[in-house]
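Here is what each chain is made of, one letter per residue.
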Amino acid sequence: MAVSGDSGLVRSLIAKNITRAWQKNGFLGTKNVTEVGFYTVGRLGKKGKVRVRAALQVGLEDVKKLEGNFRFDVVSEGELKEKGFLGIRKTKLVCTIGPACCSVEDLEKLAAGGMNVARLNMCHNTREWHLDVIKKIKRLNEEKGFCVSVMIDTEGSQIHVVDHGAASTVKAEEGSVWLFTAEQFDGLRPFTVQANYEGFSEGIEVGDILVIDGGMASFELVERNYGLSTLSPKDWADIDFGISEGVDFISLSFVNNADSISELKNYLSTKSSRCIRVLAKIESLESLQKLEEIVGASDGIMVARGDLGVEVPLEQIPTVQEEITRVCRELNKPVIVASQLLESMVEYPTPTRAEVADVSEAVRQFADALMLSGESAIGSYGQKALAVLRMVSSRMELWSREENKHILHQRQLGVSLTDRIAEQICNCAVEMANNLGVDAIFVYTKYGHMASLLSGNRPCPPIFAFTNDSDTRMALNLQWGVIPLLVDLSDDMEGNISRTMGLMKTKGMVKPRDVVLVVSDLTPTIRNSSAFQAIQVKKVD
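Residues numbered from 1 in each chain as written. Predicted model: local features only at pLDDT ≥ 70, side-chain atom pairs only at ≥ 80, totals over all residues. Heavy atoms only, no water.

> Honestly, the environment of Pro 461 in this entry has me stumped. Any pointers?
The residue Pro 461 is located in the loop between helix 15 (449-456) and strand 17 (463-467) in this model. Linking Pro 461 and Val 430, residues 31 residues apart in sequence, is a C-alpha distance of 8.9 Å. (Helix = DSSP H or I, 4+ residues; strand = E, 2+ residues; numbered from the N terminus.)

Structure representation (C-alpha cells):
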C-alpha cells in the first residue's frame, strides 16, 4: 500500500477518499453499493511514492456454487455462528497428548473443546504410541471436520531419570540422601534415582546443585551443565519419524543459538517435500542471551517456563516472559507460553485464582498460544483445564479490545520492495479495519505471509485466511486471530473473492450487511489485476 515513510500520506488519502465515497453513495444505508476498494497501481512515482487510486464498484457478481475443496474448522464455524465475528477466540490452544487423553474419544473432546495444536513430547512413550496418536488426530480431522495441527517436541540435551517403578510418586524429604546412578537395574531401590545418560556425572564438583522436575526438587553436589549437543542421535531419529508421519511443527529443545535451528531447517529442506515449521524452546540463560538471533532464525518460540525457572531467578520469570513475547511480536513470530499454567488441575478440577491470573497475563501480553503440559497429558481434568484456558482467553481478549491495548510498534522486517509494500498494506489494512469497525478480514494467501503480517498487528476483527496449500493451513493454526480455510483458488482473484464470499454466505458464516476487508498476496497471472497488493472493503448483499 505504501513504501516506508509514505504510510502517513497513503493513510490520509484512504481516510479522505473513503469518507467522500461513503457520503456520496450512502454506503451504510443503501443496498446497491457493495464495495469500496483502495489499491495501488503498482508503480512508483518520481519521488518514490506509491500512487493510490480509489475504485467504487456497484453490484456483486452472481454467486456460483464453489466446487471442489473447501474446509472450515467445525469448531470455528460453530463459534462464529453462535457468537458472531467478535466472539471468536483469537488465542490458540496447544495440548500435550499423554496417557490420560490418547484415546479417540478423548482426542475428539479436546478438539471439540478448542485444541488447535496437539503436542507430542518425544521424551515419553514409544514411537509406535506416537504414531497411533498422529493417525487418530488425522482421522478426526478428515472425518469430523477438525483442523488440529501436530507438533513433536524433541528431547534435546535434557537428562531424564528412569521410571522408579513405584505405584505412586516418590517424595524427597529435606535432608535425605539419594544415590544418582547410570547403572541399569530392574525394580525399585530405596533413595535411588537411575539416570538415562551414562556420562551424566562427568565434571561434577562438590557443592554443585542438581535440579530435577522443573525445580520441584534440588540435590547438592551435582549440576546439569554437561555440554551436550542440542540434537542427539535420538532427536534425529525422532525428527525422521516426524517427517515420515507428516507432522506440522517440530519444537527444538534446549536451543542456545541459531545454528541448531538453521541446521534442522536445512535438513528438513532436503528430506521433506512439505514445509514443516521449526519452533525453538527458550529454556536456558544462553538462549536468553541470544534471544533475537534465535527468534529471527526460527518459525516460532515456546517459552518453556519450567526449565527456564531453574536457571533464572523466580522473581524474574514474569519480566522474561513479557520480553520474549515482545521480541516475538516485533519480529512477527508466533509465541507459545507454556509450563505450569494450570498445574493444580493435574489433580484438582478447578484452578487456583493465581493460575487464572497467570493465564490472563499471558493473554494480555497477546501471546499467540497457551499450552497445557501435564494438565492434559497425565491429569484427571484435561478437558476442564482446556475449557478454563478457552474461557479466560476469550474474556481477556474482550477486555483488551475494549481497552484498545492491541497496538504495538512494528519493525520494518522486509528487505525487498515487494516485502516492504506487503508490510505497509497489512499495517494500513489493520488500521482501516479497526477504525471502520469491519466485521472480518479476508486474506487470500499461498504461503501465509500476509496472514502472518496481519496477525502481528493484532486486529480487532478475526482474520479468515483462504489458502490452497494444506501446509500453510496447518501452520496458520498457531497464529493469533487467524482462522485458516483450505479452498481451491484460481488465477482470477476477483472470482476467488466472489466465490468464497458466496460460499461463506450460503453456509451462514457471513450475513447481509456484514462488512469485510479483503487483501491478498497471491501473485496474479491476469494482467492489471486489481486484487494484488490491494485493500478492498466489501459489504455483503
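> When you look at the environment of Asp 248 in this model, what are you seeing that I'm missing?
Assignment of secondary structure puts Asp 248 in the loop between helix 5 (233-244) and strand 11 (249-252). Given the relative accessible area of 8%, Asp 248 is considered buried. Taking the C-alpha atoms as reference points, Asp 248 and Arg 274, separated by 26 residues in sequence, lie 8.7 Å from one another. Each residue touching Asp 248, except ones within four places of it in the same chain, is listed here: Ser 149, Val 150, Arg 274, Ile 276, Arg 277 and Met 474. A polar side-chain atom of Asp 248 sits 2.9 Å from the main-chain amide nitrogen of Val 150. (Buried < 20%, exposed > 50% of the residue type's maximum accessible area, 1.4 Å probe, protein only. Contact = heavy atoms within 4.5 Å. Polar contact = N/O pair within 3.5 Å; in protein donor to acceptor, adjacent residues only side chain to side chain.)

> I keep staring at the packing of helix 14 (residues 417-436) against helix 15 and nothing clicks. Help me out?
Between two packed helices, what matters for the description is the angle formed by their axes and the separation of those axes. At a minimum axis separation of 9 Å, helix 14 and helix 15 run at an interaxial angle of 45 degrees. As summarised for this structure, helix 14 and helix 15 are arranged oblique, according to the angle between their axes. Read as a crossing pair, helix 14 and helix 15 show a hand that is right-handed. Only His 449, Met 450, Leu 453 and Leu 454 of helix 15 make contact with helix 14, whose side of the interface consists of Asp 419, Ala 422, Glu 423, Ile 425, Cys 426, Ala 429 and Val 430. Taken together, the residues of the contact of helix 14 with helix 15 sort by class into eight nonpolar, one polar and two charged. (Axes fitted to C-alpha atoms, helices over the stretch in contact; angles between N-to-C directions. Parallel < 35°, antiparallel > 145°, perpendicular 65-115°, else oblique. Left-handed = near helix turned anticlockwise from the far one by under 90°. Nonpolar A, V, L, I, M, F, W, Y, C, P; charged D, E, K, R; others polar.)

> Can you walk me through the sheet that holds strand 4 (residues 92-96) in this structure?
The strands making up a sheet associate through hydrogen bonds between their backbones, and the pairing can be parallel or antiparallel. The strand order 4-5-6-11-12-13-14-15 describes a closed barrel built from eight strands, whose pairing is parallel. The mean angle between the axes of side-by-side strands here comes to 25 degrees, regardless of whether they run parallel or antiparallel. Inspection of the sheet shows strand 4 paired to strand 5 (residues 117-121) by three bridges, in the parallel sense. Directly across from Cys 95, in strand 5, lies its bridge partner Ala 118. Relative to the sheet, helix 6 (residues 258-271) contacts strand 11 and strand 12 (277-282), its axis offset from that of strand 12 by approximately 160 degrees. Contacting strand 12, strand 13 (300-304) and strand 14 (335-338), helix 10 (residues 317-330) crosses the sheet at an angle of about 165 degrees to strand 14. (Pairing = 2+ DSSP bridges.)

> Please explain the pairing of strand 18 (residues 482-487) as it appears in this structure.
For a regular strand, the rule is simple: side chains alternate between the two faces of the sheet. Summarising burial for strand 18: six of the six residues are buried, a large majority. Covered by surrounding structure in strand 18 are Val 482, Pro 484 and Leu 486 together with Ile 483, Leu 485 and Val 487, the residues of both alternating faces. The sheet contact formed by strand 3 (residues 70-71) and strand 18 spans two bridges and is antiparallel. Paired with Arg 71 across the two strands is Leu 486, which belongs to strand 18. The β-α-β motif built from strand 17, the intervening helix 16 (residues 470-475) and the parallel element strand 18 has right-handed crossover chirality. (Right-handed = clockwise from strand over helix to strand, strands pointing away.)

The values are spatial; any link to function lies outside them.
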